[in-house]
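Results of the structural survey
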Amino acid sequence: MHELSVAEAIVESLNKKLGERRFAALRKIFLRIGSLSCVQDEALRFAFSVLQESGRVPKISLEIERVEAKLKCNACKAEFKPEDNFIRLCPHCGSFDTQLICGEELNIVAVEVGD
Amino acid sequence: MHRERAEKERIDINQAALKANEEVAMRNRHRFLNDNVLVTNIMGAPGSGKTTLLEALIPKLNGIRIAVIEGDVAGDADSQRIRRLGIVAYQINTYGACHLLAYQVEHAYEHILEDMKKVPNLVMIENVGNLVCPAEFDLGEAIRVVVYSATEGDDKPQKYPLMFLRSQVVVLNKADISTAAGYDIESLKRSVQTVNPAADVFVVSAKQGTGIDSLAKWFRKRVNLLKKQSYGMKTIGKRTSRKNIQ
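Keep in mind that this is a model prediction, so the values were computed, not measured.

1. So, the overall build of chain B
Per the secondary structure count, chain B includes 11 helices and 8 strands. For chain B, buried positions account for 52% of its 246 residues. Excluding contacts between residues fewer than 6 apart, the proportion of contacts in chain B whose partners are at least 24 apart in sequence is 72%. Surface exposure of chain B reaches about 11,700 Å², of which carbon and sulfur atoms provide 51%.

The structure is reproduced here in structure tokens:
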């Protein structure tokens, strides 16, 4: 349950980036979260609701875009989505020599301010 | 102006959610590189044997100046155990947080320099016991180690992929009781390899002291490499290297 520290980190960096006045007008945060990151949507929404109750944070809605993990095989060059239990295994040629293309994201894409 | 503010406005941000922590981690990493100190982030579930591993490993690394940073939610039991080995240990209490943050390590490192009066060769950070959250938070370390005990079952790398993906070393601990727990070491190894085939896997029993020698050798080799680099630095210019340390 580190969603609360993730939420706090997001709030802190947006406060710094937007300035206090625009931060107070913050309405929506667009996030991109990879399937391999350990952040759960519901827990993150709950963490934001806790921060809102403290009064330090305006009422914000979260729009979360989930990114499925994708890998590239260095042996046969195929791109593939990992099977459940064998993340690194290329389903085409059986090689373990593969690299992640995406799936580890935990990014703030954009925000919406105003009413 | 007021009318403008009443309208919705989209502002592109495009940055990592944990950017603030990542910036401090990067600052730490630069500093550790300048100081030629090898910093290791040791992670694993509560009870996987992280502290016991340190107790077994540290005596095998004689001649290397070691310091330990202990991260726990509360208490200083672990740093006391390390101090009994005659090693400088600094305790961080997170008071509820389930992982360490880069700024806490920055602060702890200052204390270590003060206590040791010298730059250490190797700093071992024992993170808060947890397979989830610490994986997400960079501390500025050069090496990540997961302590994965045989009693946890052979599905942990699949259940906590980020932790295993981002670690260079996996220490399979409690090898002496794996059979009693119903898991054989080979299946645990295979399980690690399906997630991270590049990881160096060490099979040990920290309690019995088996398998520790090869892990100690692994660390000694890397510390020595850094030491060589630092001698190189000194022949280039003493003043520069001293300035960097301060």
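2. Quick look at the overall build of chain A
In terms of helices and strands, chain A carries 3 helices and 6 strands. Beginning at the N terminus, the succession of helices and strands in chain A can be written as α-α-β-α-β-β-β-β-β. At 18 Å, chain A has a C-alpha radius of gyration far larger than the 13 Å of a compact globule built from 115 residues. If you line up chain A on its principal axes, its C-alpha atoms span 55 × 25 × 20 Å.

3. A few points about the packing of helix α1 (residues 3-18) of chain A against helix α3 (residues 41-53) of chain A
All names here are of chain A. Remark: α1 packs on α3, axes separated minimally by 8 Å, with the N-to-C direction vectors making an angle of 60 degrees. Relative to α3, the element α1 lies oblique. α3 is crossed by α1, and the crossing has right-handed handedness. Across the interface between the two elements, Glu3, Leu4, Val6, Ala7, Glu8, Ile10 and Val11 from α1 touch Ala43, Leu44, Ala47, Phe48, Val50 and Leu51 from α3. The residue inventory of the contact of α1 with α3, partitioned by class, reads 11 nonpolar, no polar and 2 charged.

4. Some words on the pattern of salt bridges
Side chains bearing opposite charge may pair, as long as their charged atoms lie close to each other. All names here are of chain B. With the rule as written, the count across this model stands at 19 salt bridges over all chains. With its nearest N and O atoms 2.8 Å apart, the salt bridge here joins Asp138 to Arg29. Of this pair, Asp138 sits in the loop between β5 (122-126) and β6 (143-149) while Arg29 sits in helix α2 (residues 19-34), and the two are 109 residues apart along the sequence. Judged by relative accessible area, which is 22%, Arg29 ranks as partly exposed. Two residues, Lys159 and Asp155, come together in a salt bridge whose shortest N-O distance is 3.1 Å. For Lys159, a relative accessible area of 53% puts it in the exposed group. Members of the salt-bridge network, linked through shared partners, are Glu55, Asp78 and Arg81.

5. Considerations on the side chain of Glu70 of chain B
When you line up the elements, Glu70 of chain B lands in strand β3 (residues 66-72). We note that Glu70 of chain B is buried and unpaired, the nearest opposite charge coming from Arg81 of chain B at a distance of 7.6 Å.

Procedures and definitions
Residues numbered from 1 in each chain as written. Chains lettered and ligands numbered in written order. Predicted model: local features only at pLDDT ≥ 70, side-chain atom pairs only at ≥ 80, totals over all residues. Heavy atoms only, no water. Helix = DSSP H or I, 4+ residues; strand = E, 2+ residues; numbered from the N terminus. Buried < 20%, exposed > 50% of the residue type's maximum accessible area, 1.4 Å probe, protein only. Contact = heavy atoms within 4.5 Å. Areas by Shrake-Rupley, 256 points an atom, 1.4 Å probe, with all protein chains shown as cover. Rg over C-alpha atoms; globule rule 2.2 N^0.38 Å. Axes fitted to C-alpha atoms, helices over the stretch in contact; angles between N-to-C directions. Parallel < 35°, antiparallel > 145°, perpendicular 65-115°, else oblique. Left-handed = near helix turned anticlockwise from the far one by under 90°. Nonpolar A, V, L, I, M, F, W, Y, C, P; charged D, E, K, R; others polar. Salt bridge = Lys/Arg side-chain N within 4 Å of Asp/Glu carboxyl O. Lys, Arg positive; Asp, Glu negative; His and termini not counted.

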